[in-house]
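Examination of the molecular architecture
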Amino acid sequence: EESGRIRLANSVCLTLFGYTEQELVGQQVEILIPASLRETHIALRQRYFRTPTRRAMGDALNLVAVRRDGSEFPVKVGLSPVQTADGLMAICGV
C-alpha cells in the first residue's frame, strides 16, 4: 500500500526472505531493503504512488534485497498497481 506496509506475503516470499507471515505482514516494505538504501527507497515508493504504472525493475538497476538474517542478494522486481476497497496498492513480485 502507499504507506509501504506489507499486507500479504505468499509462501515463496516468506521462504526467500526468511520470515514467517506473522513477522513480515504489517511491517514496512523497507525491512526487505538494505539499511543503507532504505531512505532512498521511501522516496522512490512515494514517487511510484504518485504515478503508479506496471513496471519491471532490476536488470539495469542492480537491485539488492536483504533477508531476515541480514544477507543481501540481487533481485529483479515487478510492480503492478491495483485499486482495492482499501485504496491503491502495489503487487510486488520478486
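Since this is a predicted model, take the numbers as computed values, not measurements.

1. Some thoughts on the nonpolar core
Judged by nonpolar contacts, the single largest core of 15 residues is most densely connected at Phe17, Leu24 and Leu32. Of all elements in the fold, only helix H1 (11–17), helix H3 (38–50) and strand E4 (77–84) reach the threshold of two or more residues within this core. With sequence-adjacent residues up to four places away left out, Leu24 is seen in contact with Ile6, Ala9, Cys13, Leu14, Tyr19, Ile31 and Leu32.

2. Considerations on the pattern of salt bridges
Inspection of the entire model under this criterion finds three salt bridges. Between Arg68 and Glu23 there is a salt bridge, with the nearest N and O atoms lying 3.0 Å from each other. Residue Arg68 is located in the loop between strand E2 (64–66) and strand E3 (72–74), and its partner Glu23 is located in helix H2 (residues 21–24); the two are separated by 45 residues in the primary sequence. Exposure remark for Glu23: the relative accessible area of 27% places this residue in the partly exposed category. Where Glu30 meets Arg45, a salt bridge forms, and the shortest distance between an N and an O atom there is 3.0 Å.

3. Examining the confidence of the model for the protein chain
Averaged over the protein chain, the pLDDT score is 91; the fraction of residues at 70 or greater is 95%. At the level of individual helices and strands, the protein chain shows its lowest average pLDDT in strand E1 (residues 55–57), which scores 78, and its highest in H2, which scores 97.

Reading guide: rules and limits
- Residues numbered from 1 in each chain as written.
- Predicted model: local features only at pLDDT ≥ 70, side-chain atom pairs only at ≥ 80, totals over all residues.
- Heavy atoms only, no water.
- Core = buried A, V, L, I, M, F, W, Y, C linked by side-chain atoms within 4.5 Å.
- Buried < 20%, exposed > 50% of the residue type's maximum accessible area, 1.4 Å probe, protein only.
- Helix = DSSP H or I, 4+ residues; strand = E, 2+ residues; numbered from the N terminus.
- Contact = heavy atoms within 4.5 Å.
- Salt bridge = Lys/Arg side-chain N within 4 Å of Asp/Glu carboxyl O.
- pLDDT = per-residue confidence, 0-100.

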